[in-house]
Amino acid sequence: MSIKEKILYFITLHHTGLTVSGFSLALVLFPLFEDNPYTLGLTNLIAIYVIIVVGLNLFIGYAGQISLGHAAFFGLGAYGSAIATVTFGLPAWPSMFGVAVLVALVALLVGVPTLRLSGHYLAMATLGCNIVVHTIMLQWDQVTGGPSGFPGIPSLSIGGFVFDDEVRLHYLLWSFALLALLLALNLVRSGVGRGLAALAGDETAAAALGVDTQRAKIKVFVLSAVFASIAGSLFAHCYNFVSPDSFDIFASTDMAIMVVVGGMGSIWGSVIGAGLLTLLPEWIDIFENYKDLIHGLILVLILMFLPQGLMTGLYEKITDKITLRRQKNAAS
Amino acid sequence: MLHLEEVGKRFGGLPALDQVSFSVPRGQVTALIGPNGAGKSTLINCITGVLHPTTGSIRFLDRQLTGQAAYAIARLGIARTFQNLKLFPRLSVLDNVLTGLSCEAGHSLTMAMLRLPYLRHRERQLKLRALEVLDRFDLADKSRLPVGTLAYGDKKRVELARACVAEPELILLDEPVAGLNAEETASVGEQLKQLRSAGQTLLLVEHDMELVMGIADQVVVLDSGCCIARGTPAEVRNNPLVLEAYLGQMEATA
């Protein structure tokens with residue numbers, strides 16, 4: 001093998017690791033070039049959404065299910081951390097993981113009966129679950145602070161190092177986002193990931209190959225809920241304040257739209273989806289007022305023309321064309 | 001190896017299978033034939049747990065299959081192909097075959113997410129096995145293509161490769177040559193013969209009489225959900241009941 005071939009072989013063999021390393025390096029350097037707190041605030045918000053969308057993409061994109069209620073788990077994580085740290089005065093880090101465990105149990109309780117459903121029914125069930133959680137946040141004001149929100153949540157800290165400005169939060173939040181990405185990328189490259197892809201393709205076939213479809217669905221649902229819960233805890237500690245508005249059904253549909261924009265079953269697409277949807281309102285003023293309307297329009301257009309999602313759909317169109325051209329060239 | 005005893009299946013009031021009994025001996029090829037609507041696919045679906053029989057019992061290696069979930073039956077060592085191809089078009093040929101090794105790839109999400117060295121090692125071994133099978137089925141050069149871009153005959157072979165890769169005790173083939181041209185049929189027939197000489201137990205549902213007569217050790221004939229004949233290809237060919245129900249029709253149309 002020549003050196004060039006060796007390098008190419010190394011790249012194809014380790015392309016996932018290399019992409020992750022490159023992306024991490026870019027993120028480490030980013031605050032050196034961009035120190036505007038407003039911009040960093042936006043990219044930090046993207047990091048939080050990346051954690052949720054990566055988890056949700058495993059459930060929607062890989063396992064082929066639908067959830068329109070993930071803002072509920074996001075909100076439970078946020079309020080859970082808020083109540084644990086402020087009301088009960090517990091330390092922040094253990095609370096975050098304790099809350100994630102509780103949210104996993106909630107997801108299990110919700111998932112076992114609802115994941116017997118599929119398609120529209122599953123969408124409705126998860127949506128309903130979101131409405132219940134949102135209503136509790138609004139109405140149970142002795143505990144949640146009601147519509148006016150829950151203030152005074154402490155920032156996270158390690159030792160004496162407090163994550164209280166945008167640059168510090170940048171490193172904290174993106175570390176979590178990268179971890180989520182890495183875990184998801186590992187998962188989809190494993191036998192379990194292929195089992196999920198099989199499940200999305202055809203449940204009968206997946207079962208005939210020995211995949212316990214019901215169990216696999218529940219596991220991924222719980223996993224995505226845990227991702228959302230961690231993101232919620234980070235959200236609460238990052239803004240020091242939570243209110244029910246951030247966790248209504250429109251937040252849930254936005255998450256699903258991020259998955260679709262990024263591409264079904266594309267882990268990197270999740271980053272793009274979360275990024276685009278967070279930045280769009282900043283780029284175009286009209287988005288501010290008609291956000292939900294325009295998000296709906298984006299969803300409809302993508303599902304009509306690129307049902308695999310924007311990024312995956314475009315990518316597949318291009319690779320299919322290349323394959324066809326190669327086959328033609330080979331034939332002629 | 002596989003024993004069916006008086007298996008019956010009703011859809012509402014309609015009997016699709018009625019008291020079907022036969023055995024699939026180890027290392028032999030058993031062919032299941034019968035006219036359209038005879039209940040062949042229903043029977044395959046009952047064995048694999050997609051459907052549950054209304055009456056009777058199905059035993060595999062002294063285990064009761066009736067009432068078990070499809071994935072549990074698959075894990076006992078029964079692989080199958082489908083009449084209308086159930087491949088995963090977006091996955092590559094290699095990944096499709098690798099799904100056939102789902103039972104061995106591990107089920108733990110946590111382990112998979114941590115990608116521990118032992119899993120990576122296992123993953124490499126599974127990949128090698130899959131490539132070996134692809135080689136055997138002349139698909140090695142297509143292993144990276146998405147299955148959706150393949151020709152129909154190639155897709156049929158990928159499905160067969162996926163069923164073989166885990167080296168199951170028993171493979172159920174639901175019309176493996178349906179829709180293939182003569183050349184492709186011959187090549188699949190060749191592959192089935194190779195499997196048989198390697199000692200693989202097969203249960204074959206097929207309309208192609210030439211293929212069935214050439215490969216089967218035992219033929220079971222279904223008609224309107226009843227088992228009307230059973231025996232070697234030669235015996236079945238000369239059974240007047242069979243001639244009337246099935247071969248007779250073919251002669252009439254030929």
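Small disclaimer: the values here were computed from a predicted structure and weren't measured.

Scoring rules and cut-offs
- Residues numbered from 1 in each chain as written.
- Chains lettered and ligands numbered in written order.
- Predicted model: local features only at pLDDT ≥ 70, side-chain atom pairs only at ≥ 80, totals over all residues.
- Heavy atoms only, no water.
- Helix = DSSP H or I, 4+ residues; strand = E, 2+ residues; numbered from the N terminus.
- Rg over C-alpha atoms; globule rule 2.2 N^0.38 Å.
- Buried < 20%, exposed > 50% of the residue type's maximum accessible area, 1.4 Å probe, protein only.
- Contact = heavy atoms within 4.5 Å.
- Buried area = accessible area lost by both parts, 1.4 Å probe.
- Salt bridge = Lys/Arg side-chain N within 4 Å of Asp/Glu carboxyl O.
- Phe/Tyr/Trp six-rings, centres within 6.5 Å; stacked < 30°, edge-to-face > 60°.
- Pairing = 2+ DSSP bridges.
- Expected span 1.5 Å × (residues − 1).
- Arc of directions from axis to C-beta.
- pLDDT = per-residue confidence, 0-100.
- Core = buried A, V, L, I, M, F, W, Y, C linked by side-chain atoms within 4.5 Å.

Draft legend 1. Summary view of the overall build of chain A. Within chain A one finds 15 helices and two strands. For 332 residues, the compact-globule formula gives about 20 Å, and the C-alpha radius of gyration of chain A, at 21 Å, lands near that figure. With respect to the three principal axes, the spread of C-alpha positions in chain A is 75 × 50 × 40 Å. Sorting the 332 residues of chain A into buried and exposed places 52% on the buried side. The contacts in chain A between residues at least 6 apart in sequence include a share of 79% that link residues at least 24 apart.

Draft legend 2. Representation of the interface of chain A and chain B in the model. If you look at the interface, chain A gives 31 residues, while chain B gives 32 residues. Summing the contributions of chain A and of chain B, the shared interface buries around 2,800 Å²; its carbon and sulfur component is 64%. At the boundary of chain A and chain B, one finds two salt bridges. Between B:K86 and A:D202 there is a salt bridge; the shortest N-O distance is 3.2 Å. Elements that contribute at least two residues to the side of chain A that touches chain B include exactly α8 (166–188), α9 (191–201), α10 (203–208), α11 (213–239) and α15 (310–331) of chain A. It is α9(A) that contributes the most residues to the side of chain A that touches chain B, six residues altogether.

Draft legend 3. Looking closely at the packing of aromatic side chains. Residues and elements named next belong to chain A. A complete count under the given rule lists twelve aromatic pairs over all chains for this structure. Each ring, one from F23 and one from W268, has its centre 5.5 Å from the other, and the planes form 90°; the classification is edge-to-face. Here W268 lies in helix α13 (residues 267–283) and F23 lies in helix α2 (residues 15–33), a separation of 245 residues in the sequence. According to the relative accessible area criterion, W268 is partly exposed, its value standing at 26%. Note on W93 and F176: the rings are 6.2 Å apart at their centroids and 10° apart in plane angle, and the pair reads as stacked. Of this pair, W93 sits in helix α5 (residues 92–114) while F176 sits in helix α8; the two residues are 83 residues apart in sequence, bridging distant segments of the chain.

Draft legend 4. Quick peek at the sheet that holds strand β2 (residues 14–24) of chain B. Residue and element names in this part refer to chain B. One open sheet holds the four strands; their spatial order is β2-β1-β4-β5, and the pairing between them is antiparallel. On the outer flanks of this sheet lie β2 and β5 (63–64), each paired with one strand and no other. Note: strand β4 (residues 55–60) against β5, two bridges, orientation antiparallel. The residue bridging R59 from the neighbouring strand is Q64, located in β5.

Draft legend 5. Examining helix α5 (residues 117–136) of chain B more closely. Residue and element names in this part refer to chain B. An ideal rise of 1.5 Å per residue puts 28 Å on 20 residues; α5 measures up with 29 Å between its terminal C-alpha atoms. L119, E123, L126, A130, V133 and L134 are the residues of α5 that are buried. Mapping the buried residues of α5 onto a view down its axis gives an arc of 100°, with all of them on the same face. Every exposed residue of α5 that faces more than 90 degrees away from the buried side is listed here: P117, R124, L128, E132 and D135.

Draft legend 6. Just the confidence of the model for chain B, in detail. Looking at chain B as a whole, the pLDDT averages 87, with 96% of positions reaching at least 70. For this predicted complex, the interface confidence comes out at an ipTM of 0.86, alongside a pTM of 0.89.

Draft legend 7. Here's a closer look at the environment of B:Q68. Here B:Q68 lies in the loop between β5 and α2 (70–75). For B:Q68 and B:I47, which are 21 residues apart along the polypeptide, the C-alpha to C-alpha distance reads 9.8 Å.

Draft legend 8. Main features of the nonpolar core. Core analysis: the largest hydrophobic core is formed by 109 residues, its most contacted members being A:V50, A:L58, A:F74, A:L234, A:V242 and A:I267. When residues in this core are grouped by element, the largest group, 15 residues, is from α11(A). Residues within four places of A:V50 in sequence aside, it is in contact with A:W174, A:A177, A:L181, A:V271 and A:A274. Grouped together as the second largest cluster of nonpolar side chains are 35 residues, B:L85, B:L139, B:V188 and B:L195 included.

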